[in-house]
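Working through the structure, step by step
What follows is the residue order along each chain.
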Amino acid sequence: MVTGNRVLPSSLFKKEFHLTADNEQEDTGTNDVTSFIDISRFGIQVLKLNTAFKAIEFVSFLFPYSGTDSVWSSRIENLHSTSEFNNLLADTKRRYSVRTAQVTFIPKALYNADKKAEIFNSLFNSVKGNSIDFQNLANSEMVGLFSVPEILKTLTTGAVTNSFCSWMDTLEMAAKFARATLVIEEREFALVIIKDGQLKFCNWFSYSKNDDVLYFLMATLENLKILHSEIEISLGGMITKGDDLHFSISKYLGNISFLKKPTNLTYSYSFNQLADHKFPFILATACA
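Because the structure is predicted, anything quoted here is derived from the model rather than measured. (Residues numbered from 1 in each chain as written. Predicted model: local features only at pLDDT ≥ 70, side-chain atom pairs only at ≥ 80, totals over all residues. Heavy atoms only, no water.)

**Quick word on the sheet that holds strand β10 (residues 142-148)**
Adjacent strands of a sheet pair through backbone hydrogen bonds, lying either parallel or antiparallel. Selection criterion: Any two strands with at least two DSSP-identified bridges between them are counted as paired. Secondary structure elements are taken from DSSP: a helix is a run of H or I of four residues or more, a strand is a run of E of two residues or more, and numbering for both begins at the N terminus. Angles here are taken between N-to-C directions and fall from 0 to 180 degrees, while the axes themselves are lines fitted to C-alpha atoms, restricted in helices to the stretch in contact.
With antiparallel pairing, the three strands of this open sheet are ordered in space as β8-β10-β9. On the outer flanks of this sheet lie β8 (103-107) and β9 (131-136), each paired with one strand and no other. For this sheet the average axis-to-axis angle between neighbouring strands, irrespective of direction, equals 30°. Relative to β10, β9 runs antiparallel, the two being bridged by six bridges.

Right, dumping it as structure tokens:
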């Protein structure tokens, strides 16, 4: 990848896949295409929608996990400076979102905009220059607080949303059984538990092996006094039916399913190559 006169190390950025439009007409700027750019600590995904709310193109770039905000910002900036990335976004409107484990939810009745930084910093270490933003959840009485890397202020003048918050807003609260949803990312996973129409638990955990995921899941269910026979499990992200993690969970819990793509979008034929459950956050953001 080339940026200006610099050549970026080929090992730093990797294109995981590139799903293309069905035909040339869908892929033209005359269709008023919007690019949704979701930024995690290990990569950037770009999803393009046309005015008919059809997902016509999807690209995933990976880079080494960014443990600090300074490294993360540097990698975001470097990828944005490449000709390949700029050509990808050319002639499209851009909407940015971030997703990290550093997000918290508070009841709307208790939310005070003047204290959002104080609340966030009491839980996480925010880097100087980063902004603390909020996102109202339309389908529940909660507000999400999250940090936006400083570099994004130079890349967009628009609002930066949080894709995890957008995804949380899509969860069905009413269900016959308690439901636990796990979304597996690199080094981290989200666990959300809903019971009796209420959010009972929401947290991100760090993990290094499959046993960690199972341990945190089972310990959380035990703490909430939810029996294994009374819970539905939904899985998303970096997990595949029959892999070691799926097998480990299915040894102890029987009612397991995988997340589905949102039905309020349509998809180019190439999206059939993409497992429905792998990228729930950016798809939820595109639907918001």
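Structure's up, so let's keep going.
**Focus on the environment of S248**
Threshold: Contacts between residues were defined by any pair of non-hydrogen atoms, one from each residue, lying within 4.5 Å.
Within the fold, S248 resides in helix α7 (residues 244-250). Sequence separation between S248 and F201 is 47 residues, and the spatial gap between their C-alpha atoms is 22 Å. The contact partners of S248, leaving out residues within four places of it in the chain, are D211 and L214.

**What to know about the nonpolar core**
Note the cut-off: Residue types Ala, Val, Leu, Ile, Met, Phe, Trp, Tyr and Cys, when buried and joined through side-chain atoms within 4.5 Å, form a set referred to as a nonpolar core. Using a 1.4 Å probe on the protein chains alone, a residue whose accessible area is under 20% of its type maximum counts as buried, one over 50% counts as exposed, and one in between counts as partly exposed.
Counting 40 residues, the largest nonpolar core has I39, F164, W167 and M168 as the members making the most contacts within it. Those residues within four positions of W167 in sequence are excluded, and the remaining contacts are T181, V183, V192, L259, P280, F281 and A284.

**Description of the side chain of S73**
Residue position: S73 is located in helix α1 (residues 69-80). Setting aside its immediate chain neighbours within four residues, S73 contacts P149 and I151.

**Quick word on the environment of L171**
For L171, the position within the fold is in the loop between α5 (163-168) and β12 (178-184). On the basis of relative accessible area, L171 is assigned to the buried category, the value being 16%. Spatially, the C-alpha atom of L171 lies 9.9 Å from that of S140, the residues being 31 residues apart in sequence. Among all residues touching L171, those that are not within four sequence positions of it are V192 and I194.

**Quick look at unusual backbone geometry**
Despite not being glycine, R187 shows a phi value in the positive range, around 75°. Mapped onto the elements, R187 comes out in the loop between β12 and β13 (188-195). Of note in this structure, K225 is not a glycine but carries a positive phi near 60°. Relative to the assigned elements, K225 resides in the loop between α6 (210-223) and β15 (231-237).

**A look at the confidence of the model for the protein**
Here is the rule we go by: The quantity called pLDDT is the predictor's confidence in a given residue, expressed from 0 to 100.
Per-residue confidence for the protein averages 90 on the pLDDT scale, and 93% of its residues sit at or above 70. In the model, residues 1-8 has pLDDT below 50 throughout and makes 19 contacts with residues more than four positions away in sequence or in other chains.

**Overview of the state of the cysteines**
For the record, the criterion: Pairs of cysteine sulfur atoms within 2.5 Å are what we label disulfides.
Scanning the model with the defined rule gives zero disulfides in all. The thiol of C165 is not disulfide-bonded; the next cysteine sulfur, from C202, is found 8.6 Å away. A relative accessible area of 1% means that C165 is categorised as buried.

**Observations concerning the pairing of strand β5 (residues 43-49)**
Among the seven residues that make up β5, seven are buried, leaving the element largely enclosed by the rest of the structure. Here β5 shows no split at all, with G43, Q45, L47 and L49 on one side and I44, V46 and K48 on the other all buried. Note that strand β4 (residues 34-40) and β5 share seven bridges and pair antiparallel. Paired with S40 across the strands is G43, a residue of β5. The sheet contact formed by β5 and strand β6 (residues 54-62) spans seven bridges and is antiparallel. When the sheet's bridge partners are listed, L49 is paired in β6 with A55. Between β5 and β6, which pair antiparallel and follow one another directly, the connecting turn spans four residues, one of which, F53, has a positive phi of 55°.

**A few points about the pattern of salt bridges**
Convention followed: What makes a salt bridge here is a side-chain nitrogen of Lys or Arg within 4 Å of a carboxyl oxygen of Asp or Glu, nothing more.
This structure, assessed with the given rule, holds eleven salt bridges. The partner of E185 in a salt bridge is R99, and the shortest N-O contact between them spans 2.6 Å. With E185 in the loop between β12 and β13 and R99 in the loop between β7 (93-98) and β8, this residue pair connects regions lying 86 residues apart in the sequence. Judged by its relative accessible area of 7%, E185 is buried.

**A word on the sheet that holds β13**
Ordered in space as β14-β13-β12-β15-β16, the five strands form an open sheet in which the pairing is mixed. In this open sheet, the two edge strands, each paired with only one partner strand, are β14 (198-206) and β16 (256-258). Sheet twist, expressed as the mean angle between neighbouring strand axes with direction ignored, is 20°. Relative to β14, β13 is paired through eight bridges, and the arrangement is antiparallel. Residue pairing for β14: F189 is matched across the bridge by F205. Contacting β12, β13, β14 and β15, α6 runs over the sheet at an angle of about 25° to β13.

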